[in-house]
Amino acid sequence: MSKMICGCMQVDEDTIKAAIADGAETVEDIEEMTGAGSCCGRCVPAIEKILLKK
Ligand code: FES
């Protein structure tokens with residue numbers, strides 16, 4: 001498992017990258033597809049960073 005991004009929903013970096021590969025373009029897309037960011041929101045900046053890196 002790669003780096004854990006969202007502790008609440010147990011979503012790691014590879015899962016977020018896979019969602020981006022599947023067409024996710026915004027934090028909302030990531031939230032819908034992986035659940036990451038849908039609980040406390042603390043990981044949202046980390047999700048944004050991965051989205052910018054693609
Ligand atoms: S750490 Fe991602 S929603 Fe809480």
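Each value, and the rule that gives it
- Residues numbered from 1 in each chain as written.
- Predicted model: local features only at pLDDT ≥ 70, side-chain atom pairs only at ≥ 80, totals over all residues.
- Heavy atoms only, no water.
- Buried < 20%, exposed > 50% of the residue type's maximum accessible area, 1.4 Å probe, protein only.
- Helix = DSSP H or I, 4+ residues; strand = E, 2+ residues; numbered from the N terminus.
- Arc of directions from axis to C-beta.
- Contact = heavy atoms within 4.5 Å.
- Core = buried A, V, L, I, M, F, W, Y, C linked by side-chain atoms within 4.5 Å.
- UniProt positions renumbered as here; feature names shortened; annotations may be inferred.

### Details of helix H3 (residues 44-53)
Then, number 1: For H3, every residue scored as buried is listed here: Val44, Ile47, Ile50 and Leu51. Seen along its axis, H3 keeps its buried residues to an arc of 120 degrees; they face one direction. Away from its buried face by more than 90 degrees, H3 exposes Pro45, Lys49, Leu52 and Lys53.
Then, number 2: If you follow the buried residues of H3, they end up packed against strand S1 (4-6), helix H1 (13-21) and helix H2 (27-34).

### Let's talk about unusual backbone geometry
Then, number 1: Located in the positive-phi region is Gln10, a residue other than glycine, with phi close to 55 degrees.
Then, number 2: Tracing the sequence through the fold places Gln10 in the loop between S1 and strand S2 (11-12).
Then, number 3: Residue classification places Gln10 among the exposed residues on the basis of a relative accessible area of 53%.

### Concerning the nonpolar core
Then, number 1: Counting residues in hydrophobic clusters, the biggest one holds 15 residues, and the most contacted among them are Ile5, Ile16, Ile20, Ile30, Ala36, Ile47 and Leu51.
Then, number 2: When residues of this core are traced back to their parent elements, those giving at least two are S1, H1, H2 and H3.
Then, number 3: If one sorts the elements of this core by residue count, H3 sits on top with four residues.
Then, number 4: The contacts of Ala36, once residues within four sequence positions are left out, are Cys6, Met9, Val11, Ile16, Ile30, Glu31, Cys43 and Ile47.

### What about the UniProt feature "domain: BFD-like [2Fe-2S]-binding" (unreviewed entry) in the protein chain?
Then, number 1: In the UniProt entry, the feature "domain: BFD-like [2Fe-2S]-binding" (unreviewed entry) is given for residues 4-51.
Then, number 2: Annotation note: span residues 4-51, helix share 52%, strand share 10%, distance between end C-alpha atoms 15 Å.

### Some remarks on the environment of Ile47
Then, number 1: Mapped onto the secondary structure, Ile47 falls in helix H3.
Then, number 2: The contact partners of Ile47, leaving out residues within four places of it in the chain, are Ile5, Ile16, Val27, Ile30, Ala36 and Gly37.

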